[in-house]
Amino acid sequence: MIHIYRTPAAKPVIPVISEYLKSSGLLSGNVCCVLPTGRNKRSLALRFNTSEKSPVILSIPEFNSFLFRTEKPVVPPELRHFFMRQAADRLSRDEKLALFKRTDPDFMENFITFAETGSAFFRFFREIKGELITAEELAKHALYTDYERQTRILHALWEAYTGILGANGLCDSSEMFDNPQFNQFFTDRFTDYVFLITGFLTRHEMRTLKTLSEKGSVHLFFHFIGDKTINHKEIEETLGTAVPDDEPAAPTGSIEVIETGSRMEEYEFITEKIYETAAKGVDFNRMAVILPDEKMKAYFIENDIYNLFNITAGTDGTYSEIYQTADIIRKAAEENLLSGGLIGIETMEKLTAQPFLKKITGFGSLAERIKDLIGMKRLAVTFDETAGFPSVRKVLTPFFKETHTTLTDAAKKLINLAEIFNENAEDQREKQHGTLVIKELKRLITVYAPVMDIFPLHTALTQLMGALARLGFHRPGGEVTVMGLLETRNMQFDAVFIPNMNADVFPPSSDKDLFLNTEIRCSLRLPTFLDREHLIKNYMSQIIAKSKFAYISCISRDKGSSYRSPFLEEIIIKRRLRVRPYSSSGFRIFSTTENGLRLYEQTSFKPDAGIAGKLKKRGISATMLNDYIACPYRFYAKYIIGLKPAERPEDSIPPYEYGKAIHSVLENIYSAGLPETAEELHGRIYSGFLEAIGKFDAYRVNPLEKEQAEDLAERLYLFAVNEINRFSEGWRPKTEEDELEAKINGMRLKGRLDRTDENGGKTAIIDYKLKTVKDFRDFKPEKIKDVQMPLYALLFMHKHGHMPDEILWYDLKKEFRTVKAFDVSRMDEFREFLEEMLKRLADPEQAYPRTDRQSDCRYCDYADLCGRS
Ligand code: SF4
């Protein structure tokens, strides 16, 4: 007997089912309720008093595992790919080529790549078996001869796979579709089955419902918005009954749509609206953030400074510290293997930044050592260079003493890591977390016991970490639920916040179907990609329709994002909504007020009464003055607050290192006496320069950098020619790296001059430049961007008692000649300009606004801070 109902799509469904159970006398242990999600199960269970009898409530996978029985044990999912690989080995070369598009032995050896293709096979077989499509039927619907051949090979592969399973006393879970057998103990127990159906049903599921209805009563509740789909029509045909139509209801809740500049702004918008909605009387626990893209969960975990959010179903295993550390070790192991013993410095740096490793003595010093090595422009290190401390050795040696391993051995290494995590755990929650990981790894050791294959360590770790990623960890948090769209099925909240409504995120693109394209799906009457898209949009429409307040945001296309989601466009048009831009152009911070949370923008630092004292203490350099001219905001962040971008490993050598190399080579050459010919001078510069540059990793690993350095070394011949000409004119290098300092307007100004030349009582001050420089033309105080050389001339005069006769740059980029950097006759004007500027700098009333010239922002390290990124 089948009873079919359709619940109003814009109303909560779980109360409807609970009422039905109560009013129909179905509160009994003989009744089985099957619901789509764990939340639905909990929500229904909470509706019964402890005094009431309750039906048995199951999720769909639980129901399937109890209802069906198989002749042989089902192969654990983790082992399926290994048996599939054995089966694939039995295919001929041509068959492998037809299925995998390649035959190279590497492909079969690289287990992870193979397993990815293998997963597509399992998806394919699961679907066609679940839809009761036979091999012959599939071949009949083939649109191309090639495809027909491929399906034959696929079935041969499947036969070989199930044959191997059988020989090992196992079977595949999808074999229950071929010959379903009910577990009689289970079916004997129940008289009634209640199902809530929100998505598509496979033919196997329809067949199961029909068979169950012959043994007992089946009560079906359909919950979806809009017209019936092809799938509903097929259900009607199979079950011989009709799915009722929905009664359209006018939307009641309010919807606000805004366009932001970034994900972070969407986060800020949501936080702001949560407090606003709470002020309207909505409880925090009746609010939910619905994520079309679950990757955004990371933002809610990382930025939850008000402890507002709780992440449903806990956070997945990838957020666990053990997983993240193992992931970096995996990368290090891969680099170690591929480079023959070197690990990237960035990988080592990330490893030392792992919170639980930081607690272990030795890792702090290692982090310092890595920082120094980055400062020395190193790009890679050997394991021995980094593991000088016994504690570091204890953690890392198991992973680096060998490059290949079995899955069970790799699992033991991870258990060792998890035990170290537990030893350093700070609270019970962390300990539980470590214990859960260890338990899962022990299970994997049992599962993988029959697999004797030896893998590269990183491959073995990748395989194990797939299972760790699926573990859920409880994460204590606030009252506002953050959940993925699929988890929201059949739920209802008073206020929902939906970020990320851009076309590239929602509706999500489905996995590429390797073997069943849309034409074949249509011909076999299977759900197509459009049907799946329709379903996911239906889930989103339901959650919006059931809420009183919906706040939807997307990132503006002007900020480099994709278009608004077509789903959002549809809502905007249907509900005649106005899209409001979220104003944000500056430094945005949170601050609390009496009424709750407010946001405000700060595009300038506030006046600093102590600025003069701070500047006097630290002294002023030419670079500081140049930064102040370029952008007062950057000046303040960099020199007064002291925010510095961290040194990053780079696979190129910074220009100042080239300058330093040339500098020290010349100092060595000239201190031993002046060479007489350009050839002699160039020969010595060439070898000295390449020797100095050759010490950088970037020179060794980056062919482009090597070529550039060698090209510069060659072209320094022009420099040598120019130098010999200068010597013949009578110029002689006098000092290298002259430290200059003077007090001007009460401020200590300082600098280091690259070189001073003298010629019969005349002096030239020189700075080497590895960038294009132009001859000095005119001094215009309002246009000056670089004060270095006139400032050095002033400081030179303070130290040596006379003004230099020439102020020069040495062009080491293009023409390799000296270029006039400033005109000595304009020094009085410059002095006036400088004094004025020093006064402004020390003014306690001044704010520090961002520059109006956006061209200065192009390569600025502070763009993230000021909001111009
Ligand atoms: S990005 Fe532009 S405005 Fe911002 S600190 Fe840098 S230079 Fe100043």
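Worth saying up front: this structure is predicted, and the values here are computed from it rather than measured. (Residues numbered from 1 in each chain as written. Predicted model: local features only at pLDDT ≥ 70, side-chain atom pairs only at ≥ 80, totals over all residues. Heavy atoms only, no water.)

Caption draft 1: Examining the UniProt feature "domain: PD-(D/E)XK endonuclease-like" (unreviewed entry) in the protein more closely. Residues annotated by UniProt as "domain: PD-(D/E)XK endonuclease-like" (unreviewed entry) correspond here to residues 620–866. With 47% helix and 20% strand, residues 620–866 has end C-alpha atoms that lie 23 Å from one another. (UniProt positions renumbered as here; feature names shortened; annotations may be inferred. Helix = DSSP H or I, 4+ residues; strand = E, 2+ residues; numbered from the N terminus.)

Caption draft 2: Examining the pattern of salt bridges more closely. One pass over the structure, following the stated rule, counts 59 salt bridges. The residue Glu836 makes a salt bridge to Lys839 at a minimum N-O spacing of 4.0 Å. Separated by 3 residues within a single helix, Glu836 and Lys839 lie in helix 36 (residues 827–841), roughly one turn from each other. On the accessibility criterion, Glu836 (44% relative accessible area) is partly exposed. Within the structure, one salt-bridge network assembled from shared partners comprises Glu256, Lys273, Glu276 and Arg580. (Salt bridge = Lys/Arg side-chain N within 4 Å of Asp/Glu carboxyl O. Buried < 20%, exposed > 50% of the residue type's maximum accessible area, 1.4 Å probe, protein only.)

Caption draft 3: Quick look at the pairing of strand 27 (residues 818–822). Alignment of strand 26 (residues 806–811) against strand 27, held across 4 bridges, turns out to be antiparallel. Looking at strand 27, one finds that Ile807 is bridged to Phe822. (Pairing = 2+ DSSP bridges.)

Caption draft 4: The arrangement of the side chain of Glu487 in detail. Structurally, Glu487 is set in the loop between strand 15 (480–484) and strand 16 (495–498). Among the polar contacts made by the side chain of Glu487, one reaches the main-chain amide nitrogen of Gly484 at a distance of 3.0 Å. (Polar contact = N/O pair within 3.5 Å; in protein donor to acceptor, adjacent residues only side chain to side chain.)

Caption draft 5: View of the side chain of Ser547. Along the chain, the position of Ser547 falls in the loop between helix 26 (529–545) and strand 17 (549–555). In this structure the side chain of Ser547 is engaged in a polar contact, spanning 2.9 Å, whose partner is the backbone oxygen of Ile544. Once residues within four sequence positions are removed from consideration, Ser547 is found in contact with Gly253, Phe493, Asp494 and Val496. (Contact = heavy atoms within 4.5 Å.)

Caption draft 6: Just the packing of aromatic side chains, in detail. Here the structure, examined in full by the defined rule, presents 42 aromatic pairs. Plain terms: the ring middles of Phe719 and Tyr810 are 4.8 Å apart, the flat faces sit at 55° to each other, and that makes the pair tilted. With Phe719 in helix 34 (residues 703–729) and Tyr810 in strand 26, this pair connects stretches of sequence that are 91 residues apart. Each member of the pair, Phe719 together with Tyr810, is buried. What links up through ring pairs into an aromatic cluster is the set Phe63, Phe66, Phe186, Phe190, Tyr193 and Phe195. Residue placement shows Arg6 over the ring face of Phe224; its charged tip is 3.6 Å from the ring centre. Directly above the ring of Phe122 sits Arg80, whose terminal nitrogen or CZ lies 4.2 Å from the centroid. (Phe/Tyr/Trp six-rings, centres within 6.5 Å; stacked < 30°, edge-to-face > 60°. Lys NZ or Arg CZ within 6 Å of the ring centre and 35° of its normal.)

Caption draft 7: A look at the sheet that holds strand 4 (residues 192–197). Across the sheet, 5 strands lie side by side as 1-5-4-2-3; this open sheet has parallel pairing. Looking at the sheet topology across the chains shown, the edges are occupied by strand 1 (2–6) and strand 3 (56–59). Averaged over all pairs of adjacent strands, the angle between strand axes in this sheet comes to 20°, irrespective of strand direction. Strand contacts of helix 2 (residues 38–45): strand 2 (31–35) and strand 3, with the helix running at about 165° to strand 3, the strand carrying the most contacts. (Axes fitted to C-alpha atoms, helices over the stretch in contact; angles between N-to-C directions.)

Caption draft 8: Summary view of a negative patch on the surface. Where like charges cluster on the molecular surface, the negative patch consists of Asp89, Asp104, Asp106 and Glu109. Along the chain, Glu109 turns up in helix 6 (residues 105–109). Residue classification places Glu109 among the exposed residues on the basis of a relative accessible area of 57%. (Patch = residues over 30% accessible without salt bridge, like charges linked within 9 Å, V, L, I, M, F, W, Y side chains within 5 Å. Areas by Shrake-Rupley, 256 points an atom, 1.4 Å probe, with all protein chains shown as cover. Lys, Arg positive; Asp, Glu negative; His and termini not counted. Charge placed at Lys NZ, Arg CZ, Asp CG, Glu CD.)

Caption draft 9: Structural view of the domain arrangement of the protein. Domain boundaries in the protein define domain 1 (2–69 + 181–239), domain 2 (77–177), domain 3 (254–314 + 477–581), domain 4 (318–473) and domain 5 (655–849). One C-alpha centre belongs to domain 1, the other to domain 3, and the line joining them spans 28 Å. Of the roughly 1,800 Å² buried at the junction of domain 1 and domain 3 (both faces included), carbon and sulfur atoms supply 55%. For the domain 1 face of the interface with domain 3, the top three residues by lost area are Arg39, Phe200 and Ile225, together amounting to 34%. In this structure, the connection of domain 1 to domain 3 is made through 1 salt bridge. Between domain 1 and domain 3 we count 7 residue pairs in polar contact (both at pLDDT 80 or more) in total. For the side of domain 1 that touches domain 3, the secondary-structure elements that each account for two or more residues are helix 2 and helix 13 (230–239). Considered class by class, the residues forming the side of domain 1 that touches domain 3 number 10 nonpolar, 6 polar and 5 charged. (Domains from an automatic or database assignment. Buried area = accessible area lost by both parts, 1.4 Å probe. Nonpolar A, V, L, I, M, F, W, Y, C, P; charged D, E, K, R; others polar.)

Caption draft 10: Here's a closer look at the sheet that holds strand 8 (residues 309–311). As summarised here, the arrangement of the 7 strands in space is 8-15-7-16-17-6-18, forming an open sheet in which the pairing is parallel. Either end of the sheet is taken by a strand with one partner, and the two such strands are strand 8 and strand 18 (579–581). Ignoring strand direction, the axes of neighbouring strands in this sheet form an average angle of 25°. Judged from the 3 bridges that link them, strand 6 (residues 254–260) and strand 18 form a sheet pairing that is parallel. If you follow Ile258 over to strand 18, its bridge partner there is Arg580.

Caption draft 11: View of the packing of helix 29 (residues 622–630) against helix 35 (residues 788–800). Between helix 29 and helix 35, whose axes approach to 10 Å, the crossing angle comes to 140°. In terms of orientation, helix 29 lies oblique with respect to helix 35. By crossing handedness, the relation of helix 29 to helix 35 is classed as right-handed. The residues of helix 35 that touch helix 29, namely those facing Ala622, Leu625 and Asn626, are Gln788, Leu791 and Tyr792. The class makeup of the residues in the contact of helix 29 with helix 35 is 4 nonpolar, 2 polar and no charged. (Parallel < 35°, antiparallel > 145°, perpendicular 65-115°, else oblique. Left-handed = near helix turned anticlockwise from the far one by under 90°.)

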